[in-house]
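Observations on chain architecture
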Amino acid sequence: MTRALVLGGGGVAGIAWEAGIITGLRRAGVDLGTADLVVGTSAGSVVGALVATGADLESAVAAQAASETEATVPAVDMEAVMAAFGILYDPSLDPQEARRRVGAMALAVKDTGAKIETIGDRLPVKQWPERRLLVTAVDAGTGEFVVWDRDSAAPLVSAVASSCAVPCVFPPVEIDGRRYMDGGVRSATNADLAKGCSAVVIVEPMANLSPRSRFRSEVAELGDAVLAHVAPDEASIAVFGANVLDPALWRPAFDAGLAQAPAVEDLVGKAWS
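Just so we're clear, the structure is a prediction, and the values are computed from it rather than from any experiment.

What about the overall build of the chain?
- Scanning the chain for helices and strands turns up 10 helices and eight strands.
- Relative to the 2.2 N^0.38 estimate, which gives 19 Å for 273 residues, the radius of gyration of the chain is 17 Å and therefore close to what a compact globule would have.
- With the principal axes as the frame, the chain shows a C-alpha extent of 45 × 45 × 35 Å.
- Taking all 273 residues of the chain together, 53% fall into the buried category.
- Considering only contacts in the chain between residues 6 or more positions apart, those separated by 24 or more positions represent 77%.
- In the chain, 22 positive and 34 negative side-chain charges are present, and the distance between their average locations comes to 3 Å.

What to know about the packing of helix α1 (residues 11–27) against helix α3 (residues 57–67)
- Relative to each other, α1 and α3 sit at 155 degrees, their axes nearing to 9 Å. Comparing the axis directions of α1 and α3 gives the class roughly antiparallel. Here the hand of the crossing between α1 and α3 comes out left-handed. Here Ala-16, Ala-19, Ile-22, Thr-23 and Arg-27 of α1 lie close against α3, whose contacting residues are Leu-57, Glu-58 and Val-61.

Overview of the environment of Val-39
- Tracing the sequence through the fold places Val-39 in strand β2 (residues 37–40).
- For Val-39 and Ala-49, which are 10 residues apart along the polypeptide, the C-alpha to C-alpha distance reads 9.3 Å.
- If sequence neighbours within four positions are ignored, Val-39 has contacts with Leu-5, Val-6, Leu-7, Leu-134, Thr-189, Asn-190 and Leu-193.

What to know about the side chain of Glu-204
- As for its position among the elements, Glu-204 is in the loop between β7 (199–203) and α8 (212–221).
- Beyond its immediate sequence surroundings of up to four residues, Glu-204 is in contact with Trp-17, Ala-188, Thr-189, Ser-210, Arg-212, Phe-215, His-229, Val-230, Ala-231 and Pro-232.

A few points about the packing of aromatic side chains
- Following the criterion strictly, the structure yields three aromatic pairs and no others.
- Considering the side-chain rings of Trp-17 and Phe-240, the 6.2 Å spacing of their centres and the 85 degrees angle between planes classify their relative orientation as edge-to-face. In this pair, Trp-17 sits in helix α1 while Phe-240 sits in helix α9 (residues 234–240), placing the two residues 223 residues apart along the sequence. Summarising the burial analysis for this pair, Trp-17 and Phe-240 share the class buried.
- Centre to centre, the rings of Trp-148 and Tyr-180 are 4.9 Å apart; their planes meet at 75 degrees, and the pair counts as edge-to-face.

Parameters at a glance
- Residues numbered from 1 in each chain as written.
- Predicted model: local features only at pLDDT ≥ 70, side-chain atom pairs only at ≥ 80, totals over all residues.
- Heavy atoms only, no water.
- Helix = DSSP H or I, 4+ residues; strand = E, 2+ residues; numbered from the N terminus.
- Rg over C-alpha atoms; globule rule 2.2 N^0.38 Å.
- Buried < 20%, exposed > 50% of the residue type's maximum accessible area, 1.4 Å probe, protein only.
- Contact = heavy atoms within 4.5 Å.
- Lys, Arg positive; Asp, Glu negative; His and termini not counted.
- Charge placed at Lys NZ, Arg CZ, Asp CG, Glu CD.
- Axes fitted to C-alpha atoms, helices over the stretch in contact; angles between N-to-C directions.
- Parallel < 35°, antiparallel > 145°, perpendicular 65-115°, else oblique.
- Left-handed = near helix turned anticlockwise from the far one by under 90°.
- Phe/Tyr/Trp six-rings, centres within 6.5 Å; stacked < 30°, edge-to-face > 60°.

As structure tokens, this is what we get:
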């Protein structure tokens, strides 16, 4: 039996909430840290790196919260962000072409002062783990989907930063002469990367906002795998609010995940065992 943990995107709220869910489940005896494969997209790349390297999730969230006490919310042009997602969700466009167009928008944005590289710099372990970890990104120039792992050209800190580089919010991250943006530009979860595993747990912070057609097609790729899907409950969604990048969400979103964990314990435990 091979088990995969798939962690989706969702900004500060997503990182903290996923960490809370995983911590709460671990306290209940369901340890997702034993996954044979961890797939991380955007916020999920941060949590995936923490899980795969054996870091204490609550301590990591506390450290992030402490480091951003004085942080300001990145300057976000919401019209540009909405236009980008409008392109991505346009069914008339080839998906890679849509990603290429969004990449052009991301590359054209002037410096907002937001530095996404710090998200990788704050990882307590900065080397790729022995446990199989996949971190997703998109080439901003070509729209090509990229999957980083320990055999790729990207250091772990750069891979995680690139996966979190939300277009039109953070500048694309340069790796080996190319510039890369958020893996969520391709998919909020990229769950199809877990194909071949016999049990898959998908933790998806933005499930209530992401189109389900893409998710259903990815799940179909998983074949006969035993599946558990964890989405935020109404209480967690209320905590997230309108801006999932707000650094004030570190502790509240973690606590929301911790509080929700008992409600999904049976679902996840059955898949994991």
